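# Coordinate analysis (summary)
Here are the chains, one letter per residue:
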Amino acid sequence: MALLKIARMGNPVLLARAEAVPDPAAPGVRQLIDDMIETMEDARGAGLAAPQVHVGQRIFIYRVPEERSTGADDPPLPVQALINPQIIPVGDEMTLRLEGCLSIPGLRAAVPRHARVRYEGIDRDGRAVSGEAVGFLAMVLQHENDHLDGILYPMRMTDLTRFGFEDEVMRYGMPT
Ligand code: NI
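A few points on the structure. (Residues numbered from 1 in each chain as written. Predicted model: local features only at pLDDT ≥ 70, side-chain atom pairs only at ≥ 80, totals over all residues. Heavy atoms only, no water.)

### Let's talk about the overall build of the chain
Quick reminder of the rule: A run of DSSP states H or I qualifies as a helix once it reaches four residues; a run of E qualifies as a strand once it reaches two. Both are numbered from the N-terminal end. Each radius of gyration reported is based on C-alpha atoms, and the globular scaling rule is 2.2 Å times the count of residues to the power 0.38. Three exposure classes are used, based on accessible area relative to the maximum for each residue type with a 1.4 Å probe and protein chains only: buried under 20%, partly exposed in between, and exposed over 50%.
When its secondary structure is counted, the chain shows three helices and eight strands. Written out in order from the N terminus, the α and β elements of the chain read α-β-β-β-β-β-β-β-α-β-α. Expected size for 176 residues packed as a compact globule is a radius of gyration near 16 Å; at 15 Å, the chain falls within 12% of this value. Viewed in the frame of its principal axes, the chain has a C-alpha envelope of about 45 × 35 × 25 Å. Expressed as a percentage of the 176 residues in the chain, the buried residues total 44%.

The following block contains the structure:
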């Protein structure tokens, strides 16, 4: 196990498109995922994508913290991994959801995202997984998948008045 160094916005590694993982069951993939889990938990994040730790492969991890669960259809979820994921919008509905990013420390923003998505991919044990997600889970899947395409959440924003430092946002709330 090892803590990995997290790249911050401004590092070009975050703007590159990641490559598909040729063998999702390879031991090195599982080791990377385990190191990413340790790194995310140490940084108290809810998601982490391989490009954020300088690995240009299509892998991310995510969880739904208890306090971010939005209801019975978006329950708290322990950390999961997706390898070679596909995230597909379901329907046209968009929502604004509060986001942060371990590569943009200290900041928060309300970012427009698809309200419902379908996800497909390979899990940490090499099994094919799929399902639909709403709420926080739908958001974190879109946020992490964007990292694999070199997209950071400010690039999704349409209203920069909804962008601020976490302590100020917690104190004053996000403009609506
Ligand atoms: Ni992020």
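Further notes follow.
### Observations regarding the sheet that holds strand β4 (residues 94-99)
Our working definition: Strands were regarded as paired on the criterion that DSSP finds at least two bridges between them. In this analysis an axis means a line fitted to C-alpha atoms, helices contributing only their contacting stretch, and an angle means the value between N-to-C directions, from 0 to 180 degrees.
Ordered in space as β4-β5-β8, the three strands form an open sheet in which the pairing is antiparallel. Across the chains shown, the open sheet's two edge strands, defined by having one partner strand only, are β4 and β8 (163-165). Adjacent strand axes in the sheet meet at a mean angle of 25 degrees, parallel and antiparallel pairs treated alike. Bridge count for β4 against strand β5 (residues 107-114) is six bridges, and the pairing is antiparallel. Each bridged residue has a counterpart across the sheet, and for R97 the counterpart in β5 is V111.

### What about helix α2 (residues 135-148)?
Spelled out, the test is: For a helix, the expected span equals 1.5 Å multiplied by the number of residues minus one.
For α2, spanning 14 residues, the distance from its first C-alpha to its last is 21 Å, which sits close to the expected 20 Å at 1.5 Å a residue. In terms of burial, α2 is a largely internal element, 14 of the 14 residues being buried. Immediately beyond the C-terminal end of α2, within one or two residues, lies G150, with a positive phi of roughly 75 degrees.

### A few points about the pattern of salt bridges
Note the cut-off: Whenever a carboxyl oxygen of Asp or Glu lies within 4 Å of a side-chain nitrogen of Lys or Arg, that contact is scored as a salt bridge.
Going through the model one piece at a time under the given rule, you end up with 14 salt bridges. D125 is the partner of R30 in a salt bridge, and the nearest nitrogen-oxygen pair spans 3.3 Å. Taken together, the positions of R30 in helix α1 (residues 27-42) and D125 in the loop between β6 (116-122) and β7 (128-134) put the pair 95 residues apart, joining distant regions of the chain. Taking the relative accessible area as the measure of exposure, D125 reaches 40% and is therefore partly exposed.

### Here's the deal with unusual backbone geometry
Of note in this structure, H54 is not a glycine but carries a positive phi near 70 degrees. Positive phi, close to 50 degrees, is recorded for N84, a residue that is not glycine. Relative to the elements of secondary structure, N84 occurs in strand β3 (residues 77-89). For N84, a relative accessible area of 24% translates into the label partly exposed.

### Notes on the pairing of strand β2 (residues 59-64)
Taken across its six residues, β2 has five buried, putting it largely inside the fold. In terms of strand pairing, β2 meets β3 through five bridges, oriented antiparallel. When the sheet's bridge partners are listed, F60 is paired in β3 with L82.

### A look at the side chain of D34
Heads up, the condition is: Two residues qualify as a contact provided that any one of their heavy atoms is within 4.5 Å of a heavy atom in the partner residue.
Along the chain, D34 turns up in helix α1. Relative accessible area serves as the criterion here: at 16%, D34 is assigned to the buried category. If we ignore the near neighbours within four places in the chain, the residues touching D34 are M1 and R124.

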